[in-house]
Amino acid sequence: MPQRIHRVIRLIFVLIIVSVLSTILVWSLYLDRSISYFEEELLVDGTNSSSGAMIIDETLDDETPQRLINRSVVVSDEEIVGEKNVEKKKQQVLKKFHSTKQTFDACRGIHWNEITVTLPRHSTGVNNDRRKKKIVRRKRQRDLQRRMHDIALHVKLYAPLMELEDSSNRTVVIIPNALQLSLDRNYEDKNQPDGAGSKSRDILIGSNETRKFGITMATHMGVGKYARFRVLVQRWNGPISVAVIMHCLKELEEFHVFVSQNIELLHHVTFHYYIEFAPELRTAYPQNILRNLALEHVQTDYFLVNDVDIFPSPLSTHDLLRDTIASHMDVQQKIHNDTFFAIPMFDLHEMIEEEALTFNHPSFPETKRDAKRMNATGIISQHLGMRHPKGHRAINYTKWFATGSNDSDEMSSRVSYPIKHENKFEPYVVGSKSMKHKGGHIPPYYPYYRGFGFDKYSWYAELEFAGFKVEVLRDFFMFHVNHESSYGDKPARKKLFATNKICARGFMEDIVKKYGPQDNALWDDWVENVYDV
């Protein structure tokens, strides 16, 4: 009896050993195949996969960060990678897309750590095959949600650091071309309301003529300007490059909800993200940084610089402006050489609630005839004509009202007239990214101004110092719908202006470095205004 028990025990022990060995063999084969898969599918840069190292595909064009993360963690033969190691490897994958630059804002004493995230190009283009319309819409939504998820991964990587930083050291995350809703799109626009782009066609791709003369609006906005941006998109009805500033993860989430809910309306738009967690700078809006970000990533030759709450007229301004450039060789020659084309600007004094704003609101001036009538009755007037007359006075509104009319079916041979620069002139202009003058290119906006004061007119002063010219377009205009100041009350604006006045000294030093010592009336005005001479 004891012998039988011993035999049974030995048999059970042998079975256990065989079972364990079989399991080890199976897992060994599985790991072998897994490692072979990664070696075949990914480009291994001299890395031994059995060491537990991370394997990353160096060809990132068709991969999202999340897919790379899912594919990049290889379990070691010696130990199971812990949760912290997995998180570390995820971060290493994400940082594959990042570059870092340090800058110093001498006006405010802030050291900036700029993290630029360059994501693979993506497309949410639309297929107009009606039979596949629902499938395409679902695919666009999936692609968009995946892209937004990837963006959130990158921002969350730095969020803990950004939340703990002091006011003298700040990190900002910059994501150019974050959402490219205007890519790979060859369409006849059927999503715009009647009168807002029914003739739009091939805005970014399509005919050679359209690509040649397409115009991108370069603008900027903060989270919450949604109603005005929707109106702007519909009135312009062309490609838009817009830089968006966000101050926390909640704003990022809210903005993604807005885009998801308006994806069909925003099909011309490319969004660039500028994300800084700096509560002390909430009212110190970095408009020139955002303008440069939007302008740098314009994908057409021609551009229009604009602010998000400035609306163009007449409707479908892009198409009419494109046709004007395409049909006038003198405009093409000037704009590629040394001339910007300014668009007159008005204030609509009526206060319209955000929820009541529509692209074709009955209070809006739609034609030059409307503008002339409404200006005569005081409904509209020169932009900031009382508070800041030099800002747009050089347009010469009397001359503009007296020339032509966009109500006419005929185009006269002269669609613009030259003007002289005046200090503090800050119009909205059309230019070309290929324009040069005296061997130089278009300078960027001076990036250190934030909030109220100096930001726009310093750029136009630099254009004047560089030798560029300005002419005024006859048949187009823009208007601003009244709203409360974004810069707070008068004391807050005075504080912002005082800081920017310090920044202006750095701007003047840059002018001398770029263009040499200046001896002219414009420079004398700057010396007087900045140094209180």
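Computed from a prediction, not measured in an experiment: that's the story for all the values here.

What counts and what doesn't
Residues numbered from 1 in each chain as written. Predicted model: local features only at pLDDT ≥ 70, side-chain atom pairs only at ≥ 80, totals over all residues. Heavy atoms only, no water. Helix = DSSP H or I, 4+ residues; strand = E, 2+ residues; numbered from the N terminus. Expected span 1.5 Å × (residues − 1). Buried < 20%, exposed > 50% of the residue type's maximum accessible area, 1.4 Å probe, protein only. Core = buried A, V, L, I, M, F, W, Y, C linked by side-chain atoms within 4.5 Å. Contact = heavy atoms within 4.5 Å. Disulfide = S-S within 2.5 Å. Pairing = 2+ DSSP bridges. Axes fitted to C-alpha atoms, helices over the stretch in contact; angles between N-to-C directions. Polar contact = N/O pair within 3.5 Å; in protein donor to acceptor, adjacent residues only side chain to side chain.

1. A short note on helix 7 (residues 249-261)
And step 1. Here helix 7 is 13 residues long and its end C-alpha atoms lie 19 Å apart, about the 18 Å a rise of 1.5 Å per residue gives.
And step 2. For helix 7, the full list of buried residues reads Glu251, Leu252, Phe255, His256, Phe258, Val259 and Ser260.

2. Here we look at unusual backbone geometry
And step 1. At the junction of serine 313 and proline 314, the peptide bond is cis and its omega measures out at -5° in the coordinates.
And step 2. Within the secondary structure, proline 314 sits in the loop between strand 8 (310-313) and helix 9 (317-326).
And step 3. One non-glycine residue, serine 316, lies in the positive phi region at around 55°.
And step 4. Along the chain, serine 316 turns up in the loop between strand 8 and helix 9.
And step 5. Note on serine 316: relative accessible area 11%, which makes it buried.
And step 6. We note that phenylalanine 454 has phi near 75°; this positive angle belongs to a residue other than glycine.
And step 7. Structurally, phenylalanine 454 is set in the loop between strand 13 (428-432) and helix 13 (457-466).

3. What about the nonpolar core?
And step 1. With 114 residues, the main nonpolar core has Phe229, Val259, Phe271 and Tyr273 as its most contacted residues.
And step 2. Considering each element in turn, this core owes the most residues, nine residues, to helix 4 (residues 133-164).
And step 3. Not counting chain neighbours up to four residues away, the residues in contact with phenylalanine 229 comprise Met221, Ile240, Val242, Phe258, Leu266, Val269, Phe271 and Val308.
And step 4. Grouped together as the second largest cluster of nonpolar side chains are 16 residues, Tyr449, Phe454, Met508 and Ile511 included.

4. Some points on the state of the cysteines
Joining two cysteines, a disulfide is a covalent bond between their sulfur atoms.
And step 1. Counted under the stated rule, the structure contains one disulfide.
And step 2. One disulfide bridge connects cysteine 107 with cysteine 503, the sulfur atoms lying 2.2 Å from each other. In this pair, cysteine 107 is assigned in the loop between strand 1 (98-105) and strand 2 (110-117) and cysteine 503 in helix 14 (residues 490-515), connecting sequence segments 396 residues apart.
And step 3. We classify cysteine 107 as buried; its relative accessible area is 18%.

5. Side note on the sheet that holds strand 10 (residues 345-351)
Hydrogen bonds between backbone atoms are what pair the strands of a sheet, whose relative direction is either parallel or antiparallel.
And step 1. If you walk across this open sheet you meet the four strands as 8-15-10-11, and the pairing is mixed. Each having just a single partner strand, strand 8 and strand 11 (380-382) make up the two edges of the open sheet. Geometrically, the sheet is characterised by an average inter-axis angle of 35° between neighbouring strands, direction not taken into account.
And step 2. The pairing of strand 8 with strand 15 (residues 477-482) spans four bridges and is classified as antiparallel. Paired with phenylalanine 311 across the strands is phenylalanine 479, a residue of strand 15.
And step 3. Lying over the sheet, helix 6 (residues 226-236) contacts strand 8 and strand 15, oriented at roughly 20° with respect to strand 8.

6. Some points on the side chain of glutamate 366
And step 1. For glutamate 366, the position within the fold is in the loop between strand 10 and helix 11 (368-376).
And step 2. A distance of 2.8 Å separates polar atoms of two side chains, one belonging to glutamate 366 and the other to arginine 235.
And step 3. Among residues more than four places away in sequence, those in contact with glutamate 366 are Arg235, Ser313, Pro314, Leu315, Phe359, Asn360, His361 and Phe477.

7. Here we look at the sheet that holds strand 7 (residues 302-305)
And step 1. The eleven strands lie next to each other as 1-2-3-6-5-4-7-13-9-14-12, forming an open sheet whose pairing is mixed. Of all strands in the sheet, those with a lone pairing partner are strand 1 and strand 12 (416-418), marking the two edges. Between one strand axis and the next, the sheet turns by 25° as a mean value, whatever way the strands run.
And step 2. Its contacts with the sheet place helix 10 (residues 329-337) against strand 7, strand 9 (339-343), strand 13 and strand 14 (469-473), and it is angled at close to 110° to strand 9.
And step 3. Helix 13 contacts strand 7, strand 9 and strand 13 of the sheet and is inclined by roughly 45° relative to strand 13.

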